[in-house]
Amino acid sequence: QVQLVESGGGLVQAGGSLRLSCAASGNIFSINAMGWYRQAPGKERELVAIISREGTIISYADSVKGRSTISRDNAKNTVYLQMNSLKPEDTAVYYCYAFVTSRGTSYDVWGPGTQVTVSS
């Protein structure tokens, strides 16, 4: 079992920055890619950024490209999302994600989410 817990969300003014963190625990050796998704009210959950196990493959949504940086520290079992130049449309619940492979089975794990609110 893998558990994910996010932190770092909050209220920030437009143009500001936030750094989200997600700590993984449990069977961490089974974790492959990790990433961040977000869901705004009335909208579907969407990918924000994702990073491979060794950090060699990274992908961003067009909406955050150039303003956000995803990174991971495998020694700390943590993935980060640095978000700069925040806009009101970045307001959403941000979910940490992990793709896990264990005993020949692959599955998705989600954190409970952290609220990010950007005021104009």
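Provided above is the structure to which this section pertains.
So, how was this worked out
- Residues numbered from 1 in each chain as written.
- Predicted model: local features only at pLDDT ≥ 70, side-chain atom pairs only at ≥ 80, totals over all residues.
- Heavy atoms only, no water.
- Salt bridge = Lys/Arg side-chain N within 4 Å of Asp/Glu carboxyl O.
- Buried < 20%, exposed > 50% of the residue type's maximum accessible area, 1.4 Å probe, protein only.
- Disulfide = S-S within 2.5 Å.
- Helix = DSSP H or I, 4+ residues; strand = E, 2+ residues; numbered from the N terminus.

**Quick notes on the pattern of salt bridges**
So, step 1. With the rule as written, the count across this model stands at 5 salt bridges.
So, step 2. A salt bridge links E46 to R38, with the nearest nitrogen and oxygen atoms 2.7 Å apart.
So, step 3. Its relative accessible area of 35% is what places E46 among the partly exposed residues.
So, step 4. With its nearest N and O atoms 3.9 Å apart, the salt bridge here joins E54 to R53.
So, step 5. When its relative accessible area of 59% is taken as the criterion, E54 is described as exposed.

**Overview of the state of the cysteines**
Linking two cysteines covalently through their sulfur atoms gives a disulfide.
So, step 1. Inspection of the entire model under this criterion finds 1 disulfide.
So, step 2. Across a sulfur-sulfur distance of 2.0 Å, C22 and C96 are joined as a disulfide pair. For the disulfide bridge between C22 and C96, the dihedral angle about the S-S bond is near -85 degrees, and by the sign convention the bridge is left-handed. Residue C22 is found in strand β3 (residues 18-26), and its partner C96 is found in strand β9 (residues 92-102); the two are separated by 74 residues along the sequence. Neither C22 nor C96 differs from the other in exposure class; each is buried.

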